[in-house]
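# Topology and contacts: notes
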Amino acid sequence: MVRQEFADLDSGRIFPSRFFEPELESLEDIVTYTNPYGKRVLSVAAYGYPLTFLSEGAIEVLSFDVDQSKIAWNHFLRASILTLNYEENSGFLGHGIGSSELKHIEEKVRKHIPEVYSEEALKHMFIFNLCYSHLKDRITQLYPHIRDKTTYERVKETVTNGAWEISHDELLTLLEGVEKFQKGRQFDVMYVSSIRNWVFDARYKNNVQRFEEDYDRKLGKLVSSLLDEGGIFYETLISAQDFPRVKVSPRIYRGFDIQEYPSQDANSKSVIVLGKKLSVSEPTP
């Protein structure tokens, strides 16, 4: 069902140019600072971040976003893992298939995408195929679940067992729901990108006092409640984004050792903020 309306569109007019890849965040940083193997992860759903964690051995990933487009793309990615073999999936993402094969993929993945996201997810599939061939030389870095067949089969098994959940929700609301309705659920890693600062800018118009009282204090308590001891709260401050940056504060995120690190990628233009949840016996620095 390749629609002619997509054929003459270039990527810049459809999405921001980096919709299908990280904005200014480094996957190397994420893997280094979270060490996902054997961990339960909460992650933003933007682009394909959950697949970085799954490819590095995370046993459970809950991805979330308020943006329906990003959620729809995550649903497509999950459906493609559930229904396609390694050759089919790497062929699609690597832009190595023709129109008949694309039609076959559409038919296979459609039934595994919730109806509310189906049209948008499949639209993204066609746009990716038509307009993003420039990513093919980096595709195994951007989507590491297809870097080799062994990794793919391991990720496929994890996803088939239901360990990749996708939630169309805002961070604070999502965590409130987890605490209320999923008693005992804990995470080892929370990867939240620059969400706090987007909320601060868009919802609170740079009013620090209101942001802290109405949002960040609640978030800090939930993060502390839902992270295991030694768990990591990972935020990125992206200098290329022109909103003010409200840093994670030990005054609000109590019981955390909060450190900042420069990115290992000189092109990422980001600062990494890590909050490690201390055990009861560890003093707060």
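Attention here is on the structure that accompanies the text.

Cut-offs and rules
- Residues numbered from 1 in each chain as written.
- Predicted model: local features only at pLDDT ≥ 70, side-chain atom pairs only at ≥ 80, totals over all residues.
- Heavy atoms only, no water.
- Pairing = 2+ DSSP bridges.
- Helix = DSSP H or I, 4+ residues; strand = E, 2+ residues; numbered from the N terminus.
- Axes fitted to C-alpha atoms, helices over the stretch in contact; angles between N-to-C directions.
- Buried < 20%, exposed > 50% of the residue type's maximum accessible area, 1.4 Å probe, protein only.
- Contact = heavy atoms within 4.5 Å.
- Polar contact = N/O pair within 3.5 Å; in protein donor to acceptor, adjacent residues only side chain to side chain.
- Salt bridge = Lys/Arg side-chain N within 4 Å of Asp/Glu carboxyl O.
- Expected span 1.5 Å × (residues − 1).

With mixed pairing, the seven strands of this open sheet are ordered in space as β3-β2-β1-β4-β5-β7-β6. The sheet is open, and its two borders are formed by β3 (164-168) and β6 (256-262), each paired with just one other strand. Across the sheet, the mean angle from the axis of one strand to that of its neighbour is 15°, orientation sign disregarded. As judged from the four bridges shared by strand β4 (residues 187-191) and strand β5 (residues 227-238), these two strands associate in the parallel manner.

The next thing to look at is the environment of S263. Along the chain, S263 falls in the loop between β6 and β7 (270-277). S263 gets classed as buried once you look at its relative accessible area, which sits at 17%. It is 9.7 Å that separates the C-alpha atoms of S263 and I30, two residues lying 233 residues apart in sequence. If we ignore the near neighbours within four places in the chain, the residues touching S263 are S26, D29, S268, S270 and I272. Polar contacts involving the side chain of S263 include one to the main-chain amide nitrogen of D265, which spans 3.0 Å. Of note is the side chain of S263, whose polar atom sits 2.7 Å from the side chain of S268.

Here we come to the pattern of salt bridges. For the coordinates displayed, the defined rule picks out 15 salt bridges. Close ionic contact of R147 with E56 constitutes a salt bridge, the shortest N to O distance being 2.8 Å. Placement of R147 in the loop between α9 (139-142) and α10 (149-160) and of E56 in the loop between α4 (49-55) and β2 (60-65) is noted, with a sequence separation of 91 residues between them. E87 serves as the salt-bridge partner of K149, at 3.7 Å between the closest nitrogen and oxygen. On the criterion of sequence distance, the pair formed by K149 in helix α10 and E87 in helix α6 (residues 86-93) is long-range, its members being 62 residues apart. For E87, a relative accessible area of 46% gives the class partly exposed. Residues joined by salt bridges that share partners form a network here, namely R40, D188 and D228.

Further remarks concern helix α8 (residues 115-131). Taking 1.5 Å of rise per residue, 17 residues should cover 24 Å, and α8 covers 25 Å from first to last C-alpha, within 8% of that figure. In terms of residue burial, α8 counts as a mostly covered element, since 12 of its 17 residues are buried. Inspection of α8 places Y117, S118, E120, A121, L122, H124, M125, F126, I127, F128, N129 and C131 among the buried residues, and these make up the whole buried set.

In this section: helix α5 (residues 68-83). In this model α5 runs 22 Å from its N-terminal to its C-terminal C-alpha over 16 residues, within 8% of the 22 Å that 1.5 Å per residue would give. Of all 16 residues in α5, 13 are buried, a share of seventy percent or more. Between the side-chain oxygen at the start of α5 and the backbone nitrogen of S69 there is a gap of 2.8 Å, and the oxygen is on D67.

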